[in-house]
Amino acid sequence: MKKILLAASECVPFIKTGGLADVAGALPKYFDKENYDVRVILPRYMCIPEKYRNQMYWIANFYMYFNGRDRFVGVFKLEMNGVTYYFVDNEEYYSGSSPYTDARYDIEKFCFFCKAALAVLPTIGFQPDIIHCNDWHTGLIPVYLKTEFCRDLYYAGMKCVITIHNLKFQGVWNIPDMKQFTGFPDDLFTSDKLEFFGQGNMFKGGIVYSDAVTTVSDTYSHEVMTPFYGERLDPLLAARSNAFYGIVNGIDTEIFDPANDPLIWKSYDVSNFRTNKKHNKQELQKQFGLAVDPHKMLVGIVSRLTDQKGFDLVARVFEEMLYEDMQFVILGTGDRKYEDMFRYFAGRYPDRVAACITYSEEVSHRIYAGTDAFLMPSLFEPCGLSQLIALRYGSVPIVRETGGLKDTVQAYNEVENTGTGFSFANYNAHEMMATIRYAEHIFRDDKRRFNQIVERGMQQDFSWHASARKYEALYDKVCGW
Ligand code: ADP
Ligand code: GLC
């Protein structure tokens, strides 16, 4: 049996702030269970809902030297849907109301998680062949493994893979503090290792010390080797290009299934969406006080409200777009300026704009099911899951051609009648607006064609099966299996 431990800072259904949690929650389910034993490790946050915390059982606790003293490390276990999860416990570090709090403290607590995730292994009785790390929070696992833990026979020979979900966040902090937290010697803070423009960089450490590096779409894997997308790690990624792979994400087709989704008003699939989906639209319009009208194109947004997602383009032309015969429903939280913008427009144009400035699984499913189109004009998008969910729910994606959006949404071609969505190339508000208007024109004047776009989108296969095979092949290669 090949043994893999996937380490992540968030994981569905326990704790989620974005797509990383969806990936950590879904991917382990899709491995070939006969040959791969894939388990997951994450912090035991106090903000994990009680119903899951109650199901975890305690395995062990011990003290580990970290940041100047011996600190408590507890480890809990939970088995669910055929996957084993381990939770690293330390109430001092993981009692916040969300997984991420302030920057300095996040650095310290994820440094702790990286060391503890390795330290718990002998006590939990799982000796992985590979540790699969995800994003900067787990970046020091490969560093600890390859510089300290490997001296112990138990860890010798263990490999590491790290996946980049978002290069924007790298876990960068001043070197004296990072040295104090980790106990790493000076010679790890050189420019070929953790040092990064005078500071310490956890993600960089992870990329340097991993046996292979992946990211979540093919296009993003090329983009990050350029200065615009590379966030100053482009030279390192280019240097690692022989061990750098793009493997596109899938979605959990059990959770996101319009034919069997208890959160939506009426189920539908590709054979009956023409009659059943509109019921969801009508209810959504009612729930949010929008004008109940099947002929107005209803555009959905479900997103973290940050610059990454292209909301400055929306800000630039939103009011102009509202003069058209369109409606918007927005679900998201994030930067204050975008939250306030959507609240303002919802107040001013209540029949056309609804803003739900919160985090809600239920509302998100209802938006995917009840909207005609789904807007995602991202500045950069490593993969993007929302557009995949939208496709599956027959909400036609309108996207900018970047990263995973480019790889997963095929632009409508009027001549050949092909495509699953609408897209534009340049990061330009009027280009976005023209594309939305074009989509609205097809929606209004050529319903038959619009429905064919919906149909093609719903027929796409975005399950994890194909990508899980690629991770298996990568693990095999890294371990020489
Ligand atoms: P990112 O990881 O960059 O936030 P993705 O598109 O990969 O973007 O994943 C976002 C995930 O988070 C999707 O499953 C989306 O439905 C969900 N999501 C984002 N914002 C909210 C929200 N306010 N309420 C519920 N779900 C949300
Ligand atoms: C990140 C990216 C998003 C990706 C997700 C899961 O949060 O922003 O594009 O889909 O990780 O890999």
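Just so we're clear, the structure is a prediction, and the values are computed from it rather than from any experiment.

Q: What's the story with the site of ligand 1 in this structure? I'm lost.
A: Lining the immediate surroundings of ligand 1 are 22 residues, of which G19, R304, K309, Y368 and L385 lie closest. At 2.9 Å from an oxygen atom of ligand 1 is found a side-chain nitrogen or oxygen belonging to K16. Residue S386 places a main-chain N or O atom 3.1 Å away from an oxygen atom belonging to ligand 1. Considered class by class, the residues forming the shell around ligand 1 number 7 nonpolar, 10 polar and 5 charged. Of the domains in this structure, domain 1 (2-250 + 465-479) and domain 2 (273-461) are the two that each give at least three residues to the shell around ligand 1.

Q: Got a minute to help me understand the packing of aromatic side chains in this structure?
A: Two aromatic rings are characterised by how far apart their centres lie and by the angle between their planes. Within this structure, the stated rule accounts for 36 aromatic pairs. Between the aromatic rings of F66 and F112, the centroid separation amounts to 5.4 Å while the plane-to-plane angle is 80 degrees, which identifies the pairing as edge-to-face. Here the residue F66 occupies a position in strand 3 (residues 57-66), and F112 occupies one in helix 3 (residues 103-119), the gap between them amounting to 46 residues. Residue classification places F66 among the buried residues on the basis of a relative accessible area of 1%. Residue F112 is classed as buried on the basis of its relative accessible area of 0%. Between Y368 and Y393, the aromatic rings sit 6.2 Å apart at their centres with planes inclined by 40 degrees, giving tilted as the arrangement.

Q: I'm lost on the packing of helix 3 against helix 5 (residues 140-147) in this one. Help?
A: Any two packed helices are characterised by how steeply their axes cross, that is the angle between the axes, and by the distance between the axes. Where helix 3 contacts helix 5, the axes come no closer than 8 Å and their chain directions differ by 50 degrees. Regarding the angle of helix 3 to helix 5, the classification is oblique. The element helix 3 and its partner helix 5 pack so that their crossing is right-handed. Contacts from C111, C114, K115, A117 and L118 of helix 3 reach helix 5 at L140, I141, Y144 and L145. Looking at the contact of helix 3 with helix 5 residue by residue, the class counts come to 8 nonpolar, no polar and 1 charged.

Q: Please clarify how the pattern of salt bridges should be interpreted in this entry.
A: Side chains bearing opposite charge may pair, as long as their charged atoms lie close to each other. This model, assessed by the stated rule, comprises 32 salt bridges. Between K281 and D372 there is a salt bridge, and its shortest N-O distance comes to 2.6 Å. Placement of K281 in helix 11 (residues 273-287) and of D372 in the loop between helix 14 (361-370) and strand 16 (373-376) is noted, with a sequence separation of 91 residues between them. Of the two residues, K281 and D372, neither departs from the other in class, the shared state being buried. Of the charged contacts, one joins R469 and E472 as a salt bridge, the two residues approaching to 3.0 Å between their closest N and O atoms. With a gap of 3 residues between them, R469 and E472 both fall in helix 19 (residues 465-479), about one helical turn apart. Through salt bridges that share partners, K16, D22 and E361 make up one connected network.

Q: Just checking my understanding: could you explain the sheet that holds strand 10 (residues 199-201) for this structure?
A: Pairing between the strands of a sheet comes from backbone hydrogen bonds, and it takes one of two forms, parallel or antiparallel. Strand order in the open sheet made by the 3 strands is 8-10-9, with antiparallel pairing throughout. Pairing within the sheet leaves two strands with one partner each, and these edge strands are strand 8 (172-174) and strand 9 (195-196). Taken together, the 2 bridges between strand 9 and strand 10 define a ladder with antiparallel strand orientation. Bridged to E195 within strand 10 is G200. Against the sheet, helix 6 (residues 175-182) engages strand 8, strand 9 and strand 10, with an angle of about 95 degrees to strand 8.

Q: Would you mind going over the site of ligand 2 with me for this structure?
A: If you check the shell around ligand 2, you find 14 residues, and the closest are H165, N249, E381, C383 and G384. Contact between ligand 2 and N249: an oxygen atom at 2.8 Å from a side-chain N or O atom of the residue. One of the side-chain nitrogen or oxygen atoms of E381 is found 2.5 Å away from an oxygen atom of ligand 2. Protein chains bury 94% of the 310 Å² of accessible surface belonging to ligand 2 in isolation.

Q: Before we go on, may I ask you to explain the state of the cysteines in this structure?
A: Disulfide: a covalent bond connecting the sulfur atoms of a pair of cysteines. By the definition in use, this model includes 0 disulfides. Its sulfur unpaired, C11 is 13 Å from the next cysteine sulfur, which belongs to C47. Using a relative accessible area of 0% as the deciding quantity, one classes C11 as buried. The closest cysteine sulfur to the non-disulfide-bonded C479 is located on C160, 10 Å from its own sulfur.

Q: Can you help me understand unusual backbone geometry in this one?
A: The omega angle of the peptide bond from V12 to P13 is 5 degrees, so this bond is cis rather than trans. Within the secondary structure layout, P13 lies in the loop between strand 1 (2-7) and helix 1 (19-26). A positive phi angle, close to 45 degrees, is found at N67, a residue other than glycine. Residue position: N67 is located in the loop between strand 3 and strand 4 (69-80). With a phi angle near 50 degrees, N417 is a residue other than glycine that sits in the positive phi range.

Q: Help me understand the sheet that holds strand 1 in this model?
A: Across the sheet, 9 strands lie side by side as 3-4-5-2-1-6-7-11-12; this open sheet has mixed pairing. Looking at which strands have only one partner, the edges of the open sheet turn out to be strand 3 and strand 12 (244-246). Taking the axes of each pair of neighbouring strands and ignoring which way they run, one obtains an average angle of 25 degrees across the sheet. One ladder, built from 9 bridges, connects strand 3 with strand 4; its direction is antiparallel. Looking across to strand 4, one finds that Y63 is bridged to F72. Sheet strands touched by helix 3: strand 2 (36-43), strand 3, strand 4, strand 5 (83-89) and strand 6 (130-134). Its angle to strand 3, the strand with the most contacts, is close to 115 degrees. Seen against the sheet, helix 5 touches strand 1, strand 3, strand 6 and strand 7 (159-164) and runs at an angle of roughly 165 degrees to strand 7.

Q: For this particular structure, what's the right way to read the domain arrangement of the protein chain?
A: You'll often see interface size given as the accessible area lost when the parts meet. In terms of domains, the protein chain is made up of domain 1 (2-250 + 465-479) and domain 2 (273-461). Centre-to-centre, using C-alpha coordinates, domain 1 lies 33 Å away from domain 2. Contacts between the two partners involve 19 residues from domain 1 and, on the opposite side, 18 residues from domain 2. Roughly 1,300 Å² is buried in total at the junction of domain 1 and domain 2, and carbon and sulfur atoms are behind 60% of that figure. Summed over the three residues of domain 1 that lose the most area to domain 2, namely K16, T219 and Y229, the buried surface amounts to 27% of that side. At the boundary of domain 1 with domain 2, the tally comes to 1 salt bridge. Connecting domain 1 to domain 2 are 9 residue pairs in polar contact (both at pLDDT 80 or more). Looking at the side of domain 1 that touches domain 2, the elements that each hand over two or more residues are helix 1, helix 8 (218-223) and helix 9 (227-230). By residue number, the principal contributor to the side of domain 1 that touches domain 2 is helix 8, which donates 4 residues.

Basis of the calculations
- Residues numbered from 1 in each chain as written.
- Chains lettered and ligands numbered in written order.
- Predicted model: local features only at pLDDT ≥ 70, side-chain atom pairs only at ≥ 80, totals over all residues.
- Heavy atoms only, no water.
- Near = heavy atom within 4 Å.
- Polar contact = N/O pair within 3.5 Å; in protein donor to acceptor, adjacent residues only side chain to side chain.
- Nonpolar A, V, L, I, M, F, W, Y, C, P; charged D, E, K, R; others polar.
- Domains from an automatic or database assignment.
- Phe/Tyr/Trp six-rings, centres within 6.5 Å; stacked < 30°, edge-to-face > 60°.
- Helix = DSSP H or I, 4+ residues; strand = E, 2+ residues; numbered from the N terminus.
- Buried < 20%, exposed > 50% of the residue type's maximum accessible area, 1.4 Å probe, protein only.
- Axes fitted to C-alpha atoms, helices over the stretch in contact; angles between N-to-C directions.
- Parallel < 35°, antiparallel > 145°, perpendicular 65-115°, else oblique.
- Left-handed = near helix turned anticlockwise from the far one by under 90°.
- Contact = heavy atoms within 4.5 Å.
- Salt bridge = Lys/Arg side-chain N within 4 Å of Asp/Glu carboxyl O.
- Pairing = 2+ DSSP bridges.
- Areas by Shrake-Rupley, 256 points an atom, 1.4 Å probe, with all protein chains shown as cover.
- Disulfide = S-S within 2.5 Å.
- Buried area = accessible area lost by both parts, 1.4 Å probe.

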